[in-house]
Amino acid sequence: MDLSPARTRDVDAVTVRPGRPLAGTVRVDGSKNAALPLLTAAASLGRGVRLSGIPASADVQRMLGLLEQAGYRVARPVAEPGAVIVTPQEHPAEAPDLADAARIRASYYLVAPLLAAYGQAALPWPGGCRIGDRGMELHFTVYEAFGDTVLLDDSGYRVLAADRGRGRDKVVLTLPFRSRGASIAAICRAVVAGSRLELGNPNLSPETTGVLAALRSAGWTARADSDTITLAPPLGIPAGTVAWAVPGDKIEAGTLACAIAATGGEGRVEGVAGSDLKVLAGLLDWAGIPVSLAPDAITVHRAHTMSGRPLRAVASLTPDGLDADFEPALMALALTLPGTHLFADDINPGRHGNLLPQLARLGAVVEELSPTRCRLAGPQRLNGTTVKATDIRTGSALLIAGLGARGATTVSGLDQLRRGHADLPAKLRALGADLTDVPR
Ligand SMILES: CC(=O)N[C@H]1[C@@H](OP(=O)(O)OP(=O)(O)OC[C@H]2O[C@@H](n3ccc(=O)[nH]c3=O)[C@H](O)[C@@H]2O)O[C@H](CO)[C@@H](O)[C@@H]1O
Ligand SMILES: C=C(OP(=O)(O)O)C(=O)O
């Protein structure tokens, strides 16, 4: 079953026209990047887990289909939209069809559930946003630390586990850099093995610590400090249903906050943990945009003076760093703010190569200091034209840019945007944006 809103599937492009400053209150959906690891962590547990807040974004819906192929039953209670119950199937398909795994980056999270169901995982190279040469070698180091064998070929990779995934009692491993994917891969692999894990130099983004918190509710002992994640299995299997909630999408909330600010508006974005937006809010504040954070919301207030300081948005994997996925929306916002603003994403080296040519089509002048660093002087007056969402965040940044451009900006390639957001245009409309669907 496809949970994506039927109305949006027939729409490939949206036309944005400038209008009044955005205002009002809007609620975000569950986070794609949090839902994907929570779903696969749930499958790795080997018992029924109920998850709520599953977003209708395409990548998450694809993951549900992949889990069904990979040996798990995914029940969707009709009375609770956005809820699923993931349980191991008694008789998993002999030859699972995992072709869709090539369409999403996070298909790498399926290794642990596949090892639990089959004792081996054979997957195509992952897809997702084309924002650079996105490696996997750290994941393989993780599996090898658990004693698994990893085989690679042109079309994909295989991970073979002895003893159906169980094995080492304790695995100690230090990552060379704080990869989110590899950190969560290690956590889920330990869950399948029922082993203790000591993971040095881990990723500590909310997506990772969210998986740890979820496992704690299933009886695991999980601790994280800036140097290490430690994990230990429950002494017995805790009774009762395990129920997890997917957190509200911090990137969707940050994108909407940037959109409100870019139009000089005032609005509240609800359903997101304010603590997930601390770094973004700090940057907005620095740039002269008053924001306040609540436990479950961010509010953007109207700036009374244009006395902000230049933005310096540097994507980072360090615990208090800026999540790379906020950067494109900040860049679109910076085009409306006075000062010379600097941007860097060394994590996703192809991101600027996607976004900058599209911004240039709108007349933006951005100086490329290197393929991953650029600076721009604002405010700039853009002129609407046709542009393309070549990845999720390029799509959302272009919608923001279109809100301030003269005339009509038509953003095509909405399938990319919908990989990460069920319906971002609807949320902008709820804040008063003038967006018109362009049918296929
Ligand atoms: C599904 C998901 O959550 N995707 C996010 C995840 O992607 P991604 O899976 O790329 O994130 P990681 O934190 O694991 O990787 C960070 C960087 O290291 C590279 N790398 C990673 C592992 C490896 O074995 N070898 C290697 O070279 C990646 O290609 C990437 O360039 O983090 C990115 C950076 O915060 C975000 O933009 C993505 O939205
Ligand atoms: C890069 C992203 O997604 P993925 O890693 O799934 O391609 C993103 O969410 O911006």
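Residues numbered from 1 in each chain as written. Chains lettered and ligands numbered in written order. Predicted model: local features only at pLDDT ≥ 70, side-chain atom pairs only at ≥ 80, totals over all residues.

### As for the overall build of the chain
Then, number 1: Scanning the chain from terminus to terminus reveals 14 helices and 23 strands.
Then, number 2: Radius of gyration (C-alpha) of the chain: 22 Å, near the 22 Å computed for a compact globule of 440 residues.
Then, number 3: The C-alpha extent of the chain, read off along each of the three principal axes, is 65 × 45 × 45 Å.
Then, number 4: The 440 residues of the chain split such that 50% are buried. (Helix = DSSP H or I, 4+ residues; strand = E, 2+ residues; numbered from the N terminus. Rg over C-alpha atoms; globule rule 2.2 N^0.38 Å. Buried ≥ 20, exposed ≤ 12 C-beta atoms within 10 Å, placed from the backbone.)

### Considerations on the site of ligand 2
Then, number 1: Around ligand 2 sit Asn33, Asp59, Ile104, Arg105, Ala106, Gly128, Cys129, Ile131, Asp325, Ile392, Arg393 and Gly420, and those are all the residues in its vicinity.
Then, number 2: Across the shell around ligand 2, the residue classes break down as 5 nonpolar, 3 polar and 4 charged.
Then, number 3: When residues of the shell around ligand 2 are assigned to domains, at least three fall in each of domain 1 (6-29 + 249-439) and domain 2 (32-234). (Near = placed C-beta within 6 Å. Nonpolar A, V, L, I, M, F, W, Y, C, P; charged D, E, K, R; others polar. Domains from an automatic or database assignment.)

### Topic: the sheet that holds strand E14 (residues 266-270)
Then, number 1: A sheet is described by the order of its strands in space; here 4 strands give the open sequence E2-E14-E16-E15, paired in mixed fashion. Across the chains shown, the open sheet's two edge strands, defined by having one partner strand only, are strand E2 (23-27) and strand E15 (291-294). Pairwise comparison of adjacent strand axes, ignoring direction, gives a mean angle of 10 degrees for this sheet.
Then, number 2: Set on the sheet, helix H9 (residues 278-286) makes contact with E15 and strand E16 (297-300); between it and E15 the angle comes to about 160 degrees. (Pairing = 2+ DSSP bridges. Axes fitted to C-alpha atoms, helices over the stretch in contact; angles between N-to-C directions. Contact = placed C-beta atoms within 7 Å.)

### Considering the pairing of strand E7 (residues 149-152)
Then, number 1: Sheet topology note: the E7/strand E8 (residues 156-160) ladder contains 4 bridges and is antiparallel. Residue pairing across strands places Leu151 opposite Arg158, the latter belonging to E8.
Then, number 2: The turn linking E7 back onto E8 is made up of 3 residues.

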